[in-house]
Every structure is written in C-alpha cells, then in structure tokens.
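Listed here are the chains, written in short residue letters.
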Amino acid sequence: MENKRITIPEIAAHKGRAEPLVCLTAYTTPMARILDPHVDLLLVGDSLGMVLYGMENTLGVDLEMMINHGKAVMRGVEKSCVIVDMPFGSYEESPEHAYRNAMRVMKETGCDGIKLEGGTDMAETIKYLTARNIPVMGHIGLQPQSVLKDGGYKVKGRTNHEISSLLDDARAVEESGAFAVVIEGTVEDVAAEITRSTNIPTIGIGASPDCDGQILVTEDMIGLLEGPSAKFVKEYTNVKDDIAAAVSGYAGEVRSRKFPSTEQTYTRPKAVDVKKAS
Ligand code: KIV
C-alpha cells in the first residue's frame, strides 16, 4: 500500500518555511485518530509515564511501554509523521545499545523515526543511528530525563555558559545527522538564535515563536491534567470539566433510575412471552 504519511524529508524540508510545523503528543489509537487530520507530526512522548501512568517523572518509562503505545498510535494515523521517544536507559550506554533498541522501536511499531534527549553528549550515538538509516529527532534545552541530575525542571539559556552549551548542542545534533530538533524550556531569544543558526527544523516547547514548529503535550492543551501546568502551556479547552459534568449527569441518572431508558434497552417480539419461556 502507498505510504500517504508525511515523510521525514518532508518534515526536514520545513526548515525556514513561513508556516510552522504543527506537532502534538499522542499515546493511544483514539487520540491519534482525532489529532491526525490537524497535525504534521505526532510524538509518542515518554511524557506518557506521567500523563497516562501517574508517574512522578519520565524515568520509570521502559521500552515495552513505548513500543506498545507506538503501535497503538500507528493504528490511528493516516497522514501524520510518527516519532517515538527512546525512554531513559534505552540509549545512553553505547551507540550499539541505542541501535538495538531503536531498531526494535522502528520494526515493531512501524513509526517514522525516534527521538532522544541530549546534545554534544549524544552526538556519537545520533551519528551511529543515522548512518544506519534510523531517522533521529534531537531534544535539547530542558531535558526531562535529566530532572534528577538538574535538581528539577530548569529553564535553560539564562547564563552565558548555558547559551554557549545550547548552541554547541544544536550544532552537534545537526552535524550528527538528526532531521529535526526539539528545543524545550529555553529562553526565547536563545531558541530563536538556535533556529537561525541551524539548518534543521527546530520544534519549540517553551521556546520561541520563531521555531520552525511547535509541540505541546495534548493532555496539557486540552485541559485534562490535574494541578498547575508549565508557563509554556496554553489550554485551548478544558476537557476535565466536560468529563466531570458528564459523569455527574450519569451518576444522577443512574441513582434516580432515569438511565437506562427505553432508548438504551432491548425489546423482543410481542409474541414471545418471557413467562412461558422460563
Ligand atoms: O515526552 C514528550 O512528550 C516530549 C515533548 C514534551 C517534546 O518529549
């Protein structure tokens, strides 16, 4: 069957275009089906650990979870490019280890590429993967898998040292062959400068409107999560309130025996008599 999905070269060709790439996270088939017509790229992010499984951070997410959710998203997609995150511990040990795990993700899910966190420290691994036909999306700036090392989720690019490290990271990711790079939680003008100085699309999350694309965690932007969200999140609706109202309506109707009504129950031909049959 012809592949009608947006390809990696098509994503890469978005560099510098006036219209930015529209990207969101997805973890399940029904959500992928809803998002697919509206986006260019869906990321099966390891944020699923927190969003779906109630974990405190992404460090407990494993390869099996990513593969299972990657498969689920692929079942719901017709046109979007699908990228699956490499979880903590699945790629850092060596380029060969990263290759074996990334190859499993690609083969078992049928996705278009993988994403991994890191800049200069991951350059050798990105080079190794891309030389072996695994499309890699980089992820620099705030890297959620470094939350313990960093002592929290810290915005990057506020000191000269951080700015020069970010520019080095972006260059290293690009030179290693990544087709795009996510810039997360980074001071706006630094993210804009990275976007100007690299030849691959930058996808911003808490970065800059000048990035070549934007991404958000879907459950954040539809207001499905509890608690305060990051400064960079914009809630376009509040599904949590809609669900609460629907569930409260259901509970009231069950308790008052209004639900189920004749509309939701089955009938039989009049000639069949329940009493005679029993
Ligand atoms: O895991 C994730 O959802 C991500 C995005 C926030 C970029 O990495």
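This text gives an overview of the structure that appears in the document. (Residues numbered from 1 in each chain as written. Predicted model: local features only at pLDDT ≥ 70, side-chain atom pairs only at ≥ 80, totals over all residues. Heavy atoms only, no water.)

The next subject is the packing of aromatic side chains. Enumeration over the complete set of coordinates arrives at two aromatic pairs. Between Y99 and Y128 the ring centres are 6.2 Å apart and the planes differ by 80 degrees, which places this aromatic pair in the edge-to-face class. Here Y99, found in helix α5 (residues 95-109), pairs with Y128, found in helix α6 (residues 123-131); they are 29 residues apart in sequence, far enough to count as distant. By relative accessible area, which is 25% here, Y99 ends up partly exposed. Judged by its relative accessible area of 22%, Y128 is partly exposed. Here Y250 and F259 contribute two aromatic rings whose centre-to-centre distance is 5.7 Å and whose plane-to-plane angle is 65 degrees, an arrangement assigned as edge-to-face. Among the residues examined, F259 registers a relative accessible area of 32% and is labelled partly exposed. A cation over an aromatic ring shows up here: R132 above the ring of Y128, its NZ or CZ 3.6 Å from the ring centre. (Phe/Tyr/Trp six-rings, centres within 6.5 Å; stacked < 30°, edge-to-face > 60°. Helix = DSSP H or I, 4+ residues; strand = E, 2+ residues; numbered from the N terminus. Buried < 20%, exposed > 50% of the residue type's maximum accessible area, 1.4 Å probe, protein only. Lys NZ or Arg CZ within 6 Å of the ring centre and 35° of its normal.)

Attention now goes to the packing of α5 against α6. At a minimum axis separation of 9 Å, α5 and α6 run at an interaxial angle of 45 degrees. Of the possible angle classes, the one that applies to α5 and α6 is oblique. For the crossing formed where α5 meets α6, the hand is right-handed. Between α5 and α6, the residues in contact are P95, E96, A98, Y99 and A102 and E124, T125, Y128 and L129, respectively. For the contact of α5 with α6, the per-class residue count stands at six nonpolar, one polar and two charged. (Axes fitted to C-alpha atoms, helices over the stretch in contact; angles between N-to-C directions. Parallel < 35°, antiparallel > 145°, perpendicular 65-115°, else oblique. Left-handed = near helix turned anticlockwise from the far one by under 90°. Contact = heavy atoms within 4.5 Å. Nonpolar A, V, L, I, M, F, W, Y, C, P; charged D, E, K, R; others polar.)

Attention now moves to the environment of E162. Assignment of secondary structure puts E162 in helix α8 (residues 160-175). The partly exposed category is assigned to E162, whose relative accessible area is 24%. Sequence spacing of E162 and V190 is 28 residues, and the spatial spacing of their C-alpha atoms is 9.8 Å. For E162, the residues in contact, after removing those within four places along its chain, are V155, K156 and G157.

Next up on the list: the side chain of D112. Examined against the element boundaries, D112 turns out to sit in the loop between α5 and β4 (113-115). A relative accessible area of 12% means that D112 is categorised as buried. Only 2.8 Å separates the side chain of D112 from the side chain of R5, close enough to count as a polar contact. Among the polar contacts made by the side chain of D112, one reaches the main-chain amide nitrogen of V82 at a distance of 2.7 Å. (Polar contact = N/O pair within 3.5 Å; in protein donor to acceptor, adjacent residues only side chain to side chain.)

With that settled, the discussion passes to the site of the ligand. The full set of residues close to the ligand is T25, L43, G45, D46, S47, D85, K115, H139, I205 and V217. In this structure, an oxygen atom belonging to the ligand sits 3.0 Å away from a side-chain N or O atom of D46. At a separation of 2.5 Å, an oxygen atom of the ligand approaches a polar side-chain atom of S47. The protein chains hide 95% of the 260 Å² of surface that the ligand would expose on its own. Tallied by class, the residues present in the shell around the ligand amount to three nonpolar, four polar and three charged. (Near = heavy atom within 4 Å. Areas by Shrake-Rupley, 256 points an atom, 1.4 Å probe, with all protein chains shown as cover.)

With that settled, consider a nonpolar patch on the surface. On the surface, L224, I243 and V247 cluster together into a nonpolar patch covering about 230 Å² of accessible area. Judged by relative accessible area, which is 31%, L224 ranks as partly exposed. (Patch = residues over 30% accessible without salt bridge, like charges linked within 9 Å, V, L, I, M, F, W, Y side chains within 5 Å. Salt bridge = Lys/Arg side-chain N within 4 Å of Asp/Glu carboxyl O.)

Attention shifts here to the nonpolar core. Within soluble globular proteins, side chains that are nonpolar generally end up buried alongside one another. Counting residues in each nonpolar core, the largest one holds 68 residues, and the members touching the most others are L42, I114 and L116. Top contributing element to this core by residue count: helix α4 (residues 63-75), with six residues. Not counting residues up to four positions away in its chain, the partners in contact with L42 are L24, A26, A32, L35, V73, V77, S80, C81, V82 and I83. (Core = buried A, V, L, I, M, F, W, Y, C linked by side-chain atoms within 4.5 Å.)

Such coordinate-based values are descriptive only and should not be taken to indicate function.
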